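# Fold and contact review
What follows is each chain in one-letter form.
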Amino acid sequence: MPQVGVTDIERTVRHIVAEQLRVTVEEVDVDADLRSLPRFDSIHALQIVLEIEQHYDIEVEDHIVFETSTVREFAAAVAGVIAEAGPEPVS
């Protein structure tokens, strides 16, 4: 898996959050509290986690989205999971 900068991850997470909550990307401030976003609830949070997992081909513990408060913090946690997963094996 190629290295992805945190800003790229923030951008991706922001887009996925906007898509799942059916709001514009501009409405999703990376420093705003996730819980303050329109329609953010536990169902949407889990859908966001699922989209992130599919996008990056990783497994994110569901509780991470509930333990972080902003898109920036969640993206940093996702970056950590990506780093722990390490590079894809070369075939």
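Residues numbered from 1 in each chain as written. Predicted model: local features only at pLDDT ≥ 70, side-chain atom pairs only at ≥ 80, totals over all residues. Heavy atoms only, no water.

Next up on the list: the overall build of the chain. Along the chain, the regular secondary structure elements total four helices and zero strands. Ordered by position from the N terminus, the helices and strands of the chain form the series α-α-α-α. By residue count, 40% of the 91 residues in the chain fall in the buried class. Relative to all contacts within the chain whose residues are 6 or more apart in sequence, the contacts with residues 24 or more apart total 58%. Accessible surface for the chain amounts to roughly 5500 Å². Of this, 51% is attributable to carbon and sulfur atoms. (Helix = DSSP H or I, 4+ residues; strand = E, 2+ residues; numbered from the N terminus. Buried < 20%, exposed > 50% of the residue type's maximum accessible area, 1.4 Å probe, protein only. Contact = heavy atoms within 4.5 Å. Areas by Shrake-Rupley, 256 points an atom, 1.4 Å probe, with all protein chains shown as cover.)

Attention shifts here to the environment of Glu 10. Residue position: Glu 10 is located in helix H1 (residues 6–21). A relative accessible area of 11% places Glu 10 in the buried class. Excluding residues that lie within four positions of it along the chain, Glu 10 makes contacts with Val 71, Arg 72 and Ala 75.

Before going further, it helps to spend a moment on helix H2 (residues 42–56). With 15 residues, H2 ought to run about 21 Å at 1.5 Å a step, and its terminal C-alpha atoms sit 21 Å apart, in line with that. Buried within H2 we find His 44, Ala 45, Ile 48, Val 49, Ile 52, Glu 53 and Tyr 56. Within two residues after H2, Asp 57 carries a phi angle of roughly 55°, on the positive side. (Expected span 1.5 Å × (residues − 1).)

With that out of the way, let us pick up the environment of Tyr 56. Here Tyr 56 shows up in helix H2. Counting along the chain gives 44 residues from Tyr 56 to Thr 12, while the straight-line C-alpha distance between them is 10.0 Å. Of note is the side chain of Tyr 56, whose polar atom sits 3.3 Å from the side chain of Thr 12. (Polar contact = N/O pair within 3.5 Å; in protein donor to acceptor, adjacent residues only side chain to side chain.)

As a further point, take the nonpolar core. If you look at the biggest cluster of nonpolar residues, it comprises 29 residues, and the most contacted ones within it are Ile 52 and Phe 74. For this core, the element with the highest residue contribution is helix H4 (residues 71–85), accounting for seven residues. Setting aside its immediate chain neighbours within four residues, Ile 52 contacts Val 13, Ile 16, Asp 57, Ile 58, Val 60, Phe 74 and Val 78. (Core = buried A, V, L, I, M, F, W, Y, C linked by side-chain atoms within 4.5 Å.)

Of the residues in the chain, 88% have a pLDDT of 70 or more, and the chain-wide mean is 89. H2 holds the highest mean pLDDT among the elements of the chain, 95, whereas helix H3 (residues 63–67) holds the lowest, 90. (pLDDT = per-residue confidence, 0-100.)

The next subject is the pattern of salt bridges. Taken as a whole and judged by the stated rule, the model has four salt bridges. Across the pair Arg 11 and Asp 8 runs a salt bridge, and its minimum N-O distance is 2.9 Å. Residue Arg 11 and its partner Asp 8 are both found in helix H1; the two are separated by three residues, about one turn of the helix. Judged by its relative accessible area of 47%, Arg 11 falls in the partly exposed class. Arg 35 is the salt-bridge partner of Asp 33, the closest N and O atoms lying 3.4 Å from each other. Judged by relative accessible area, Asp 33 falls into the partly exposed class, the value being 34%. The exposure class of Arg 35 is partly exposed, given its relative accessible area of 38%. One salt-bridge network, held together by shared partners, links Glu 10, Asp 31 and Arg 72. (Salt bridge = Lys/Arg side-chain N within 4 Å of Asp/Glu carboxyl O.)

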